[in-house]
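Geometric and topological summary
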Amino acid sequence: MGDVGSGKTMVIFASVVMATWSRSVLMAPTTVLAAQIYEEAKKYLPTLNIGFVTNKSKKSEDLSGYDFIIGTHALLYRDLKDVDLVMIDEQHR
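These remarks concern the structure in this document. These numbers were taken from a predicted model, which means no experiment stands behind them. (Residues numbered from 1 in each chain as written. Predicted model: local features only at pLDDT ≥ 70, side-chain atom pairs only at ≥ 80, totals over all residues. Heavy atoms only, no water.)

**Structural notes on the pairing of strand β3 (residues 68-71)**
- Residues Phe68 and Ile70 line one face of β3 and the alternating positions Ile69 and Gly71 line the opposite face, and both faces are buried.
- Here four bridges tie strand β1 (residues 23-27) to β3, and the two strands are oriented parallel to one another. By the bridge assignment for β3, Leu26 is matched with Ile70.
- Note: strand β2 (residues 50-53) against β3, four bridges, orientation parallel. The residue of β3 that forms the bridge with Val53 is Gly71. (Buried < 20%, exposed > 50% of the residue type's maximum accessible area, 1.4 Å probe, protein only. Helix = DSSP H or I, 4+ residues; strand = E, 2+ residues; numbered from the N terminus. Pairing = 2+ DSSP bridges.)

**Here's the deal with helix α2 (residues 31-44)**
- Helix length check: α2, at 14 residues, gives a terminal C-alpha distance of 20 Å against a target of 20 Å (1.5 Å per residue), a fit within 8%.
- Listing the buried residues of α2 in full gives Ala34, Ile37, Tyr38 and Ala41. Seen from one end, α2 has its buried residues packed into an arc of 105°, which puts them on one side. For α2, the exposed residues set more than 90 degrees away from the buried face come down to Val32 and Lys43.
- Buried residues along α2 sit against α1 (8-18), β1, β2 and β3. (Expected span 1.5 Å × (residues − 1). Arc of directions from axis to C-beta. Contact = heavy atoms within 4.5 Å.)

**Quick word on unusual backbone geometry**
- With phi around 55°, Asp82 is a residue other than glycine that occupies positive phi space.
- You can see Asp82 is positioned in the loop between β3 and β4 (83-88).

**A look at the environment of Glu61**
- Following the sequence through the fold, Glu61 ends up in the loop between β2 and β3.
- Sequence separation between Glu61 and Asp79 is 18 residues; the distance between their C-alpha atoms is 10.0 Å.
- Not counting residues within four places of it along the chain, the set of residues in contact with Glu61 comprises Tyr66 and Arg78.

**Description of the environment of Lys59**
- By secondary structure assignment, the location of Lys59 is in the loop between β2 and β3.
- Note on Lys59: relative accessible area 68%, which makes it exposed.
- Once the C-alpha coordinates of Lys59 and Arg78 are considered, the two residues, 19 residues apart in sequence, prove to be 7.0 Å apart.

As structure tokens, then:
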């Protein structure tokens, strides 16, 4: 929990690195935020295979090849097997 710019995303990325033995998932509240985090993850975690899932993603896409999956609430409707770290970024209004 923290203010904008306090480093929450870096804590998420550090958690993913610490859990490299398994798969990780991050669910963000909006497509815009999920896309921003996805772009940052590609920059800071270049050795990981990172997936991006929104309501516009193909439901038939196989997500088992990704080390880290970032998406919106569309993740709730996907078959996510063998995931050990699940994180939720919530938005306060």
